[in-house]
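# Remarks on the overall topology
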Amino acid sequence: MSIWLDGALRDATTASVSVFDHGLTVGDGVFETLKTVDGKPFALTRHLDRLTRSARGLGLPDPDHDEVARACEAVLAANPMPLGRLRVTYTGGQAPLGSERGAHGPTLVVAVSETTRRPDSTAVVTVPWVRNERGALTGLKTTSYAENVVALARAHEQGASEALFANSVGQLCEGTGSNVFVVLDGEIHTPPVPSGCLAGITRALTVQWTGARETDLPLDVLERADEVFLTSSLRDVQAVHRVDGRQLPGAPGPVTAKAMRIFEERSHADLNP
């Protein structure tokens, strides 16, 4: 397995990042996860744009899109696979042991691993912790991910693949690595970005392609929604058949099934929408 690290392909078993890298010591970094199909990344331009937005939100220098694209191409060519998870990580680089940054410059890592198609439906749980919709990192895809690690572990303990958060005012927000949609009276709704959720790439395409509405929703909408589904780079559109103890029989329901079909058709027709 080969990865890209700071300007070149390297053997994944011997490549190394400094133990003083700010991404390791304080989580000062941003990342993107892309789906790859037969060695081609999906929605690369959108992911690079979001990587830059996240970097700017942390005060990091803008990543060089051409370099990142070259790195992605090189990694995918070196590691052929039918369906992959491509990870681009961009950190503050080597720095002192503290919150201040050093002068070394950013670290760029691109790696890929093989994956398989997700099931058509899954189970989710709600968790007692909340998203802070007014925090410094709100809306940024950063490497400060421990909150998601804890919540996802809770979900796995309860036989689910995802955990859903409310925000600080009790509104439905997002999952640990996904956006959430609900169907009410045949209409698709998803929390708006000001709720504190990440502006997901798959979320945006699903809103665009299905006409879903961005709506402030109370967390308890999950108790009465006709259908629930998740979106993310690796899930695409995935139905939910259980929320906590509530079963949603027949998932994917008709509205979700249509959204799944639309996304599959449109994404296959254009790998860089």
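Residues numbered from 1 in each chain as written. Predicted model: local features only at pLDDT ≥ 70, side-chain atom pairs only at ≥ 80, totals over all residues. Heavy atoms only, no water.

### Here we look at the environment of Gln 94
- Mapped onto the fold, Gln 94 is located in the loop between strand E5 (83-91) and strand E6 (107-114).
- Here Gln 94 falls in the partly exposed class, since its relative accessible area comes to 33%.
- Along the backbone, Gln 94 and His 104 are ten residues apart, and their C-alpha atoms lie at a distance of 5.7 Å.
- The contacts of Gln 94, once residues within four sequence positions are left out, are Ser 18, Phe 20, Asp 21, Gly 102, His 104 and Gly 105. (Helix = DSSP H or I, 4+ residues; strand = E, 2+ residues; numbered from the N terminus. Buried < 20%, exposed > 50% of the residue type's maximum accessible area, 1.4 Å probe, protein only. Contact = heavy atoms within 4.5 Å.)

### Concerning the packing of helix H2 (residues 44-58) against helix H3 (residues 65-78)
- At their nearest, the axes of H2 and H3 sit 11 Å apart, and the two run at 130° to each other. Here H2 lies oblique to H3, going by the angle between them. In the packing of H2 onto H3, the handedness of the crossing is right-handed. Packed against H2, whose contacting residues are Leu 44, Leu 48, Asp 49, Leu 51 and Thr 52, the element H3 presents His 65, Val 68, Ala 69 and Cys 72 at the interface.
- For the contact of H2 with H3, a count of residues per class yields six nonpolar, two polar and one charged. (Axes fitted to C-alpha atoms, helices over the stretch in contact; angles between N-to-C directions. Parallel < 35°, antiparallel > 145°, perpendicular 65-115°, else oblique. Left-handed = near helix turned anticlockwise from the far one by under 90°. Nonpolar A, V, L, I, M, F, W, Y, C, P; charged D, E, K, R; others polar.)

### A look at the side chain of Asn 167
- The topology assignment puts Asn 167 in strand E8 (residues 162-167).
- The exposure class of Asn 167 is buried, given its relative accessible area of 2%.
- If we skip the residues at most four places from it in the chain, Asn 167 touches Val 130, Arg 131, Glu 133, Cys 173 and Ser 195.

### Looking at unusual backbone geometry
- The omega torsion of the bond from Ala 251 to Pro 252 falls at 5°, within 30 degrees of zero and hence cis.
- With respect to the element layout, Pro 252 can be found in the loop between strand E15 (246-247) and helix H6 (254-269).
- Positioned with a positive phi, Asp 185 is a non-glycine residue whose angle comes to about 50°.
- When you line up the elements, Asp 185 lands in the loop between strand E10 (179-184) and strand E11 (187-190).

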